Every structure is written in structure tokens, then in C-alpha cells.
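Coordinates in review
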Amino acid sequence: MSSYHQAIKASPRNTPWIDLRSDTVTTPGPDMRQVMANAEVGDDVYDDDPTVNLLQDRLAEMLGKEAGLLMASGTMSNLSAMLSHCGRGDEIITAKQYHVFSDEAGGAAIVGGIMFETLETSADGALEPDAIRGAIKPDDIHCPVSRLLCLENTHHGKAIALDRMQAAADAGRAAGMQVHLDGARFFNAVKALNISPADLAGVADTVSICLSKGLGTPAGSVLVGPQEMINKAKRIRKFLGGGMRQVGVLAAAGLYALDHHIERLTDDHNRAAELAAYLSAMDGLAIETATNMIFISSQSSQPIDAHHLAKVLADHGVLITPGDASTRLVMHLEVDDHAMETIKAAFQDWYESQSGN
Ligand SMILES: Cc1ncc(COP(=O)(O)O)c(C=O)c1O
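I will try to describe carefully the structure that is included in this document.

Conventions adopted
Residues numbered from 1 in each chain as written. Predicted model: local features only at pLDDT ≥ 70, side-chain atom pairs only at ≥ 80, totals over all residues. Heavy atoms only, no water. Core = buried A, V, L, I, M, F, W, Y, C linked by side-chain atoms within 4.5 Å. Buried < 20%, exposed > 50% of the residue type's maximum accessible area, 1.4 Å probe, protein only. Helix = DSSP H or I, 4+ residues; strand = E, 2+ residues; numbered from the N terminus. Contact = heavy atoms within 4.5 Å. Pairing = 2+ DSSP bridges. Phe/Tyr/Trp six-rings, centres within 6.5 Å; stacked < 30°, edge-to-face > 60°. Axes fitted to C-alpha atoms, helices over the stretch in contact; angles between N-to-C directions. Left-handed = near helix turned anticlockwise from the far one by under 90°. Nonpolar A, V, L, I, M, F, W, Y, C, P; charged D, E, K, R; others polar. Near = heavy atom within 4 Å. Polar contact = N/O pair within 3.5 Å; in protein donor to acceptor, adjacent residues only side chain to side chain. Areas by Shrake-Rupley, 256 points an atom, 1.4 Å probe, with all protein chains shown as cover. Parallel < 35°, antiparallel > 145°, perpendicular 65-115°, else oblique.

1. Details of the nonpolar core
If you look at the biggest cluster of nonpolar residues, it comprises 62 residues, and the most contacted ones within it are Leu 55, Leu 59, Leu 63, Leu 151, Phe 186, Phe 187 and Val 207. The greatest single-element share of this core, amounting to 7 residues, is contributed by helix 12 (residues 248–260). Among all residues touching Phe 187, those that are not within four sequence positions of it are Leu 59, Met 62, Leu 63, Pro 197, Ile 209, Leu 215, Leu 258, Ile 262 and Leu 265. Membership of the second largest hydrophobic core comes to 25 residues, among which are Leu 275, Leu 313, Val 318 and Ile 343.

Set out below in C-alpha cells:
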């Protein structure tokens, strides 16, 4: 936690924080803990954990892929995929703003000697086929081999339309590239687009899905794809230190989440839309909503004092990370109707504290 949040959370409270910093902040509820406690387990490095095997098989089947592999985190899942697809000196084409490039500590370059070519996303978060075609290197000894296209959905909460995903993937495939989809919030995209998991997964060879974001488990991600890729990823997971043992306790939480936490993602999207509508009535605020996320900025050139906003919200028990140009609020399974009332009241208080309102 940042020192900023340490300072804010140090102040005593009688009620739990309403934490809007991310959907990763949720803690497992009593029912999820119960299935974790009762999980049948074994040594997963020997493929002996029946609950892990069940989760991997179930997600692979849902997404129309041959096999799945449980990982410690989304970053490990993406890195294992990138290393499975690419050799040293190969190139990944992706967006400058996508997580694999911007927020995963350069792992593919450090561990795999893989280069990145980055493009700008369009307003909907997609990569343009023409831009991809323009970035693919010719078969020339001076150039790296453009091996893998990395896509992301949702991106900054935006659910990118299936035809846009397909067009990007087709542009890469036409040049012999493979496609990986960072689906950290895969099911948010599926629900928002009202398509099947297999439809969205069908655009890519491999897909990573996080269990610990909107799905609400304590940790974990599953990489799905062709059996051959998953076999490679298993060796890579091992050398990355991600071969875990009786990890059925985590897989049980994942299975619980697949049963209970996918359909309800729509509640998060609806609450984001409801709060956005409420905030839109406040003069001077520019509000953007994307699935379970809301981005607040100023309509004028004078930015919002986001630290002041965070302070007023914290006085009401609402936690946010103040942004520079834009501040993000994230809805998740711990934001219920009662929390929504508190959040609205906190914003109203802040709005009235602004001069002239
Ligand atoms: C789009 C996206 N991909 C990957 C990740 C990485 O997941 P993890 O934090 O589990 O490593 C995140 C985390 O926030 C993410 O937002």
C-alpha cells in the first residue's frame, strides 16, 4: 500500500472502508472460505490436485481451448504465455497502454529477451488492423521476427467489440503471428458484450483470465490454450517459481467464483452506470464509464484537486487513489446498495465543499 493510503487508513473507523481503488481489494466471504477449507487437494506439481485439475479443465472448456494452467497471478500468466509463444529476439506487437507492456515490469524482456513494438489504441481501446500491418516486420535479417500479437479486453474497463478484436487478430494472423489475449477482466467483457466466453476466446490462441479481480478470489489466474502451449507454459511456470503444491484451496475459490460471481458482474456494471449518472449532474465534472470502472476528470483546463476529493471521501469511509488528470473508481462485489448511498453522500459533500456550488 502507498504511504498515502497507509496514512488515510490509519485513521480509526467503526465501519469497514468502502474501497474503490480496484476490484482486486475484495476479500473472500464465508461461503468462499468454506469451499476453500473443504477443498480436496494434492501436489499440483505432480498434477495430483483434483480441484486444480477441475478448475483448469472447466475454464478451458468454457473458453473452447484444449487445456488450462493455474498461475499465481495475471502477470505470471501473461509472462508464461509470452515466453511460450516467443523465443529470444522475437517481437511482440501490442498497445503502449496495454498491461503486458506498461505494467508488468518488462518481464518478457528481462526473462525472455523479447522485444516490444507498441502502438496507440483507438478510442474504443482496440488496435487498428492497419497499424498492426504497418508494424509487422518484413522477412529481413535486419529485423526481429514479429511473432506474437498481444490484445487486452477489457482495456481500462472498456469492453472492446468482438469484430474489432477479430479484425486486429486477423491482421496479425495473416502475417503468421500468434495471438494472446490478456483477459484479466475477461468475464466483464463477456457480460458487457453479451457474447459467449468461447466467442471472445476464439480470437486468440492463448487467453489469461484473472480470478482475483471482478471474480473475487484471493489470488490466481488461469492460462488457457492449445495443449502444446500449455505444456510449454508449465515448464516456464516452474522456472518462474510458480509451481505450487496443495493449491486446490485457491482453485476451490476459483470454482466457487465461476458458479457465483460471473453473472453478478452485471451488478457492478449497473452500479458504475448509476454512480456515473449521479456524478454527471455535478457541474464541471467529466465522467466516463466503462464496465465496472468510472473515470472522473475536469471539464475545464483546471484539474480537479483529487487529493482534496480523496480526503473528503475518506472522511465518509470511501477510499480512492487520487489521479493526476483522471481519477478511477472501481465497482466490485463488496459495493452494495448501502455502500452506493454512502458514496453518493460523500461525493455530494465534496461537491458542496467546492467554491461556488
Ligand atoms: C489488464 C490487466 N492485465 C494483467 C494484470 C495483472 O494481474 P496481477 O495483478 O494478478 O498480476 C492486471 C492487474 O491489474 C490488469 O489490469
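2. Considering the pairing of strand 10 (residues 293–298)
Along strand 10, 5 of the 6 residues are buried, which leaves the element largely enclosed by surrounding structure. For strand 9 (residues 285–290) and strand 10, the ladder comprises 6 bridges, and the chain directions are antiparallel. Paired with Thr 289 across the two strands is Ile 294, which belongs to strand 10. Adjacent in sequence and paired antiparallel, strand 9 and strand 10 are bridged by 2 residues, among which Thr 291 carries a positive phi angle near 40 degrees.

3. Quick word on the packing of aromatic side chains
Overall, the coordinates contain 3 aromatic pairs when judged by the stated rule. Pairing Phe 101 with Phe 116 gives two aromatic rings, centres 5.4 Å apart and planes at 65 degrees, and the pair type is edge-to-face. Taken together, the residues span a long stretch of sequence, with Phe 101 in helix 5 (residues 99–102) and Phe 116 in strand 4 (residues 115–119) at a distance of 15 residues.

4. A closer look at the packing of helix 3 (residues 50–62) against helix 12
Viewed as axis vectors pointing N to C, helix 3 and helix 12 meet at an angle of 35 degrees, and their least axial separation amounts to 8 Å. The chirality of how helix 3 crosses helix 12 is left-handed. Between helix 3, through Thr 51, Val 52, Leu 54, Leu 55, Arg 58, Leu 59 and Met 62, and helix 12, the contact on the second element is made entirely by Gly 248, Ala 251, Ala 252, Gly 254, Leu 255, Leu 258 and Asp 259. A breakdown of the residues in the contact of helix 3 with helix 12 according to their chemical character gives 9 nonpolar, 3 polar and 2 charged.

5. Details of the site of the ligand
Near the ligand you find Ser 73, Gly 74, Thr 75, Asn 78, His 99, Glu 104, Glu 152, Asp 182, Ala 184, Arg 185, Cys 210 and Lys 213, and these make up its full shell. Gly 74 is positioned such that a nitrogen or oxygen atom in its backbone is 2.8 Å from an oxygen atom of the ligand. In the model, a nitrogen atom of the ligand is placed 2.6 Å from a nitrogen or oxygen of the Asp 182 side chain. Considered on its own, the ligand offers 390 Å² of accessible surface; in the complex 79% of this is hidden by protein. With 3 residues, helix 4 (residues 74–85) is the single largest residue contributor to the shell around the ligand. By residue class, the composition of the shell around the ligand is 2 nonpolar, 5 polar and 5 charged.

6. Brief notes about the side chain of Arg 264
The topology assignment puts Arg 264 in the loop between helix 12 and helix 13 (265–280). Relative accessible area serves as the criterion here: at 16%, Arg 264 is assigned to the buried category. Setting aside anything within four residues of it in sequence, one finds Arg 264 in contact with Gly 214, His 332 and Leu 333.

7. Quick word on the packing of helix 13 against helix 15 (residues 337–353)
It is the contact of helix 13 with helix 15, at a shortest axis distance of 11 Å, that shows an interaxial angle of 25 degrees. On the basis of their axis angle, the class for helix 13 and helix 15 is roughly parallel. In the packing of helix 13 onto helix 15, the handedness of the crossing is right-handed. When helix 13 is examined against helix 15, the residues Arg 271, Glu 274, Leu 275, Tyr 278 and Leu 279 are found in contact with a partner set consisting of Asp 337, Met 340, Ile 343, Lys 344, Phe 347 and Gln 348.

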